[in-house]
Amino acid sequence: MSISEESFAYTPGLRVTPLTYIRKIRSLPVKGQILVEVGDRVEFDTIVGRCYLEGIPQILKVAELLDVDTEEVPRYLLKKKGDPVKKGEVIARLRAAFGLINKTVLSPIDGYLEDINEITGNITIREPQRPVEVTAYIRGKIDEVIPREAAVVGTWAAYVQGIIGFSGERFGELRIAVSNPEEVLTPDNIFESDHGKIIVGGAFVNLEALEKAKKIGVKGIICGGANVEDLEKLLGARMGVAITGREELEFTLILTEGFGKLPISDKVFKILKDNDGKNAAINGATQVRAGVLRPEIIIPKDVSGKMEIMDEGAEEGKMKSGSMIRIIRFPYFGKLGKVIRLPVELMEIETESLVRVVEVELEDGKRVIVPRADVEIVAE
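Small disclaimer: the values here were computed from a predicted structure and weren't measured. All chains use their own residue numbering, which begins from 1 and follows the written sequence. Residues qualify for local features only when their pLDDT is at least 70, as the model is predicted, and side-chain atom pairs are given and counted only at 80 or more; totals for whole chains, interfaces and linings, by contrast, use all residues. Heavy atoms throughout the structure, all of them, feed into the side-chain values; hydrogens and water do not.

How do you make sense of the pattern of salt bridges when you look at a structure like this?
When their charged atoms lie close together, side chains carrying opposite charge are able to pair. Basic side-chain nitrogens of Lys or Arg form a salt bridge, by our definition, when they fall within 4 Å of a carboxyl oxygen of Asp or Glu. Evaluation of the coordinates by the stated rule reveals 18 salt bridges. A salt bridge links lysine 24 to glutamate 296, with the shortest nitrogen-to-oxygen separation between them at 2.9 Å. Of this pair, lysine 24 sits in strand β3 (residues 16–27) while glutamate 296 sits in strand β26 (residues 296–300), and the two are 272 residues apart along the sequence. For the residue pair lysine 24 and glutamate 296, the accessibility class agrees, reading buried in each case. Among the salt bridges present, the one from lysine 31 reaches glutamate 149, with a minimum N-O distance of 3.8 Å. Here glutamate 149 lies in the loop between β14 (140–146) and β15 (150–161) and lysine 31 lies in the loop between β3 and β4 (33–34), a separation of 118 residues in the sequence. Here a strand is any run of E in DSSP of at least two residues, a helix any run of H or I of at least four, and the numbering for each starts at the N terminus. Burial status follows relative accessibility: with a 1.4 Å probe on protein chains alone, a residue under 20% of its type maximum counts as buried, one over 50% as exposed, and anything between as partly exposed.

Looking at this structure, I do not really get the pairing of strand β29 (residues 336–341). What am I missing?
Residues in a regular strand project their side chains so that they alternate between the two faces of the sheet. Relative to β29, strand β28 (residues 324–327) runs antiparallel, the two sharing three bridges. Along β29, the bridge assignment pairs isoleucine 325 with glycine 337. Pairing between two strands requires that DSSP report at least two bridges joining them.

Would you take a moment to explain the confidence of the model for the protein for this structure?
Note that predicted coordinates carrying low pLDDT should not be read in detail. Confidence of the prediction at every residue is given by pLDDT, a number between 0 and 100. Looking at the protein, the pLDDT average stands at 87 and 91% of residues meet or exceed 70. Two residues form a contact once any of their heavy atoms are found within 4.5 Å. Contacts from residues 1–6, a stretch scored under 50 in pLDDT, to residues over four places away or in other chains number nine contacts. Every residue in residues 309–315 is under pLDDT 50, and counting partners more than four places away or in other chains gives 13 contacts.

I would appreciate a short explanation of the packing of aromatic side chains in the present structure.
The description of two aromatic rings rests on the distance between their centres and on the angle between their planes. By convention, a stacked pair of Phe, Tyr or Trp rings (six-membered ring in the case of Trp) has centres within 6.5 Å and planes under 30 degrees apart, an edge-to-face pair has planes over 60 apart, and any other such pair is tilted. Applying the stated criterion across every chain yields a total of two aromatic pairs. Measuring from ring centre to ring centre gives 5.2 Å for tyrosine 21 and tryptophan 156, while their planes differ by 70 degrees; the resulting arrangement is edge-to-face. With a gap of 135 residues between them, tyrosine 21 in strand β3 and tryptophan 156 in strand β15 connect regions that are remote in the sequence. An angle of 5 degrees between the planes, with centres 5.0 Å apart, marks the rings of phenylalanine 44 and phenylalanine 171 as stacked. With a gap of 127 residues between them, phenylalanine 44 in the loop between β5 (41–42) and β6 (47–53) and phenylalanine 171 in strand β17 (residues 170–176) connect regions that are remote in the sequence. For phenylalanine 171, a relative accessible area of 29% puts it in the partly exposed group. Put simply, a charge is over a ring when the Lys NZ or the Arg CZ is close to the ring centre, within 6 Å, and near the line of the ring normal, within 35 degrees. Positioned above the aromatic ring of phenylalanine 171, the side-chain terminus of lysine 219 is 5.1 Å from the ring centre.

Can you walk me through helix α5 (residues 266–274) in this structure?
Given 3.6 residues to a turn, an α-helix orients residues that are three or four positions apart in the same direction. Burial in α5 covers these residues: Val268, Phe269, Ile271 and Leu272. Summarising the axial view, the buried residues of α5 lie within an arc of 160 degrees, below the 170-degree limit, and thus occupy one face. The arc under discussion is defined with respect to the helix axis, by the directions toward the C-beta atoms.

What is the right way to look at helix α4 (residues 228–235) in this model?
All of the buried residues in α4 are Asp230, Leu231, Glu232 and Leu234. The inward-facing, buried residues of α4 contact β16 (164–166), β20 (204–205), α3 (207–216), β21 (220–226) and β23 (252–259).

Whenever I open this one, the sheet that holds strand β8 (residues 84–85) confuses me. Can you help?
Think of a sheet as strands paired side by side through backbone hydrogen bonds, with each pair either parallel or antiparallel. Read from one edge of the open sheet, four strands run β7-β12-β11-β8, paired in antiparallel fashion. Of all strands in the sheet, those bounded by a partner on one side alone are β7 (57–61) and β8. Inspection of the sheet shows β7 paired to strand β12 (residues 122–126) by five bridges, in the antiparallel sense. Looking at the pairing, leucine 60 lines up with isoleucine 123 of β12.

I would appreciate a short explanation of the side chain of arginine 294 in the present structure.
Along the polypeptide, arginine 294 turns up in the loop between β25 (286–287) and β26. According to the relative accessible area criterion, arginine 294 is buried, its value standing at 14%. Polar contacts, as used here, are pairs of N or O atoms within 3.5 Å; protein pairs need one atom able to donate a hydrogen and one able to accept it. Residues neighboring in sequence count only if both atoms are side-chain atoms. At a separation of 2.9 Å, a polar atom in the side chain of arginine 294 contacts the main-chain carbonyl oxygen of isoleucine 163.

Explain the nonpolar core to me, please; I cannot follow it from the model alone.
In a soluble, globular protein the nonpolar side chains are often hidden away together inside. Residues Ile221, Ile222, Phe251, Leu272 and Ile297 are the most contacted members of the largest nonpolar core, which totals 48 residues. Sorting elements by how many residues they give to this core places α3 first, with five residues. Contacts of phenylalanine 251, omitting those with residues within four sequence positions, involve Phe166, Ser167, Arg170, Leu210, Ala213, Lys214, Val218, Lys219, Gly220, Ile221 and Leu234. Leu28, Val48, Ala157 and Tyr159 belong to the second largest nonpolar core, which has 20 residues in total. Throughout, nonpolar core names a set of buried Ala, Val, Leu, Ile, Met, Phe, Trp, Tyr and Cys residues whose side chains join them through atoms within 4.5 Å.

Quick look at the structure:
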């Protein structure tokens with residue numbers, strides 16, 4: 001097997017860095033109003049944009065309900081196009097035969113009369129517009145504004161990506177609840193004073209701790225691993241892992257290593273411990289297929305002067321000798337290590353397939369050879 005010391009490969013990377021410059025695009029779902037300007041300082045919950053989404057329409061078959069010809073519908077309507085209506089309000093009435101026939105059509109929703117169709121005899125009632133506000137998500141300053149569409153927030157920050165997460169964006173004060181990365185987060189580590197905080201555990205969080213965190217009202221939990229069965233009990237439903245982030249969970253959960261009992265890496269734990277007591281933004285949204293998205297922890301830093309981005313190479317996904325990686329397939333799932341070699345030739349693996357491989361020195365000194373597709377770069 002020939003080896004090139006200069007060889008490299010491209011592979012997805014997990015960013016773990018004590019300091020980098022983060023930019024977040026905060027986009028409105030439809031065009032609206034951007035409420036900030038370039039250079040403005042923003043907090044986690046600063047509203048940077050607002051728009052309005054059209055309400056859901058409902059169609060009423062008035063001609064059929066009154067048993068009249070379609071072109072006769074306007075004659076029996078008590079509202080005209082554009083008028084507001086209330087749920088349960090009479091919007092059409094037919095009286096005939098000296099009051100012996102009395103038919104009415106009631107509005108099923110609050111909204112307004114949007115359309116009258118004399119061909120079908122139907123009318124459309126649309127719910128009121130719904131306001132949508134977008135927050136800054138992170139503390140920082142506005143780097144860029146895209147009129148009516150988005151604002152870009154930038155900040156120097158410690159940045160950690162996890163393997164998988166659940167539920168969406170939240171922010172709060174970080175509290176390290178365990179003494180080391182191997183310790184299990186249990187109910188005894190969670191206190192009433194943790195209300196509104198983001199708790200950092202160790203290798204595992206059990207169901208009892210998750211339920212206590214929910215009861216107390218913590219904003220988030222970060223730990224190495226958890227059991228799928230525990231999470232499904234907490235969610236009350238089967239769990240999908242291809243796309244996450246919209247679970248109806250009272251707090252955001254980020255697993256830095258995976259499922260099972262897996263100690264948080266020393267590097268990640270040190271970054272979190274160094275920022276104990278500081279405010280952080282977290283997002284559990286994960287997408288493992290096209291358009292890879294990882295759960296993230298962002299801890300804004302007050303940095304003066306001009307700084308260089310520290311992990312630009314890792315962001316580009318360039319893996320070479322010396323790169324720190326994480327193995328994402330069994331039997332070494334979750335293990336961290338350093339790339340020793342990137343053999344040029346294909347190698348036969350257990351499935352008898354020929355694949356490109358990488359030789360890795362794990363944290364305990366053991367050297368293993370795994371397919372390149374089974375590793376992710378971890379930014380230093």
